[in-house]
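Secondary and tertiary structure notes
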Amino acid sequence: MTSSFFSLGNAIRATILFGLFIILFVLVQSCQAPKTGLDRFAVGSLKKLTVRESPPLPPKTVFTAADGRELTLESLRGKTVVLNVWATWCPPCVREMPSLDRLQSWRGGDDFEVVTISIDRTKYEPAKFFADNDIQDLAPYHDGSFGIPGQLRLRGYPATLIYSPAGNEIAYLEGEAMWDSDEALALVDYLTGK
C-alpha cells in the first residue's frame, strides 16, 4: 500500500488541526478586553494614555498663582479637569504648553478646565514663562509645597492627569502630548458629553 500526502487520513488530520487552530484563535480573541470608553482615545499623540482601574484620591495640596489666587482640586469638583504638572526647565513641558493653552481656549468653560501646576522654584517663573510665550488662557499655578510629584507618584515630566466631575482620577499620561490634536479634542468632547 502506497502512502500519499493527499490521502483521506491526512485530509482528516489537516481539517481537525485547522479546526483546533480556529477554536484557539477565537478563544484568545474573546479573552482580550475590547477597547471601550477612554481606551479608544489612546492613539496618536495620546498613545500613552492610561486608564485608571482604581482611581487614587486626589491630593489635597493648595496651589498658588503668582497673583496670590489659590486652588485645590476639590474646588474644581463638578468639572472635567486636565491637570498638567510641568516646569519651565523641562523642554517637553515647554513644547506642550501652547497646545494646552489652545485646548483651554477651545474647550474651557463651566464643565471643563485645563489646570497647569508648575514645580519650579518660585511661583513667578511659570507666570513669567506664560507672559513671555503668549500663554493667555491658562493660569500659572505653582506647587509651593513641592509635594505634588510624590503625592501623585509621578515618574517624570510633563505628567497629565484627567479628573472626572466627581473628582476621581480617571486617566493619566506620562510625557508630552499634543492637547490640541483631533484625538485630544475628541477625548474632551467624550468626557464632557459634547
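The structure displayed is predicted, hence computed values, not measured ones. Residue numbering note: each chain is counted from 1, following its sequence as written. With pLDDT at 70 or above as the cut-off, local features in this predicted model cover only qualifying residues; side-chain atom pairs require 80 or more to be listed or tallied, and sums for whole chains, interfaces and linings still use all residues. Side-chain measures were taken over the full set of non-hydrogen atoms in the model, leaving aside hydrogen atoms and water.

Another point: the pairing of strand E8 (residues 169–174). Note: strand E1 (residues 50–51) against E8, two bridges, orientation antiparallel. In the sheet register, Thr 50 faces E8, and the bridge partner there is Tyr 172. At least two DSSP bridges between two strands are needed for those strands to be called paired. Elements are defined by DSSP. Helices are runs of H or I of four residues or more, strands are runs of E of two residues or more, and each kind is numbered from the N terminus. Bridge analysis of strand E7 (residues 159–163) against E8 gives five bridges, and the strand direction is antiparallel. Considered in E8, the bridge of Ile 162 is made with Ala 171. Connecting E7 to the next strand, E8, in antiparallel fashion are five residues, including Gly 167 with a positive phi near 90°.

Moving on: the nonpolar core. In this structure, Leu 49, Leu 83, Met 97, Val 115, Tyr 141, Leu 152 and Trp 179 are the most contacted members of the largest nonpolar core, which totals 48 residues. At the level of elements, strand E2 (63–65), strand E4 (80–86), helix H2 (91–107), strand E5 (112–118), helix H3 (124–132), E7, E8 and helix H5 (182–192) are the ones that each hand at least two residues to this core. At five residues, E4 tops the list of elements feeding residues into this core. Any two residues having at least one pair of non-hydrogen atoms within 4.5 Å are treated as being in contact. Each residue touching Leu 83, except ones within four places of it in the same chain, is listed here: Leu 73, Val 115, Ile 117, Leu 152, Ala 159, Thr 160, Leu 161 and Tyr 163. Put simply, a nonpolar core is a bunch of buried Ala, Val, Leu, Ile, Met, Phe, Trp, Tyr and Cys residues held in one set by side-chain atoms that sit within 4.5 Å of each other. Each residue's exposure class comes from its accessible area (1.4 Å probe, protein chains only) as a fraction of the maximum for that residue type: buried when under 20%, exposed when over 50%, partly exposed otherwise.

Now for empty space enclosed by the protein. Think of a 1 Å grid over just the protein atoms. A cavity is a set of points where a 1.4 Å probe fits yet cannot get out, a pocket is an open set with protein on both sides within 12 Å along at least five of seven lines, and lining residues have an atom within 4 Å of a point. Grid points are joined across faces, edges and corners, and a volume is the space filled by probe spheres set on the points. By the definition in use, this model includes one cavity of 30 Å³ or more. A volume near 50 Å³ is recorded for the largest cavity. Note on residue categories: nonpolar means Ala, Val, Leu, Ile, Met, Phe, Trp, Tyr, Cys or Pro, charged means Asp, Glu, Lys or Arg, and polar means any other residue, Gly included. Looking at the lining of the largest cavity, its residues break down into five nonpolar, two polar and one charged.

For side chains of opposite charge, pairing can occur when their charged atoms come near one another. The salt bridge definition used is simple: a Lys or Arg side-chain nitrogen within 4 Å of an Asp or Glu carboxyl oxygen. Inspection of every chain in the model, using the stated rule, returns ten salt bridges. Glu 74 is the salt-bridge partner of Arg 77, the closest N and O atoms lying 3.0 Å from each other. Taking the relative accessible area as the measure of exposure, Arg 77 reaches 45% and is therefore partly exposed. By relative accessible area, Glu 74 is classed as partly exposed at 49%. In this structure, Lys 128 engages Asp 132 in a salt bridge whose closest nitrogen and oxygen atoms are separated by 2.6 Å.

What follows deals with the layout of surface pockets. Size it by volume and the largest pocket reaches roughly 220 Å³. Taken together, 15 residues make up the lining of the largest pocket; nearest its centre are Arg 52, Pro 56, Leu 152, Arg 153 and Glu 169. In terms of residue count, the dominant contributor to the lining of the largest pocket is E8 (four residues). Per-class residue counts for the lining of the largest pocket are eight nonpolar, two polar and five charged. By volume, the second largest pocket is sized at about 160 Å³. Forming the walls of the second largest pocket are Leu 57, Pro 58, Pro 59, Lys 60, Thr 72, Leu 73, Glu 74, Arg 77, Ala 166, Gly 167 and Asn 168. A breakdown of the residues in the lining of the second largest pocket according to their chemical character gives five nonpolar, three polar and three charged.

Our focus in this paragraph is the packing of aromatic side chains. Each aromatic ring pair is summarised here by two numbers: the centre-to-centre distance and the angle between the ring planes. Between 30 and 60 degrees the pair is tilted, below 30 it is stacked and above 60 it is edge-to-face, where a pair is any two Phe, Tyr or Trp rings, Trp via its six-membered ring, whose centres lie within 6.5 Å. On inspection of all chains with the given rule, the structure shows five aromatic pairs. Centre to centre, the rings of Trp 86 and Phe 129 are 5.4 Å apart; their planes meet at 55°, and the pair counts as tilted. Note that Trp 86 is positioned in strand E4 and Phe 129 in helix H3, a separation of 43 residues in sequence. Judged by its relative accessible area of 12%, Phe 129 is buried. Site record: aromatic cluster; members linked through ring pairs are Trp 86, Phe 129 and Phe 130.

Two cysteine sulfur atoms form a disulfide, by the criterion used here, when they sit within 2.5 Å. As enumerated under the stated definition, the model contains one disulfide in all. The side chain of Cys 90 participates in a disulfide bridge whose partner is Cys 93; the two sulfur atoms lie 2.3 Å from each other. Classification of the bridge connecting Cys 90 and Cys 93 rests on its S-S torsion, roughly 75°, and on that basis the disulfide is right-handed. Owing to a relative accessible area of 0%, Cys 93 belongs among the buried residues under this scheme.

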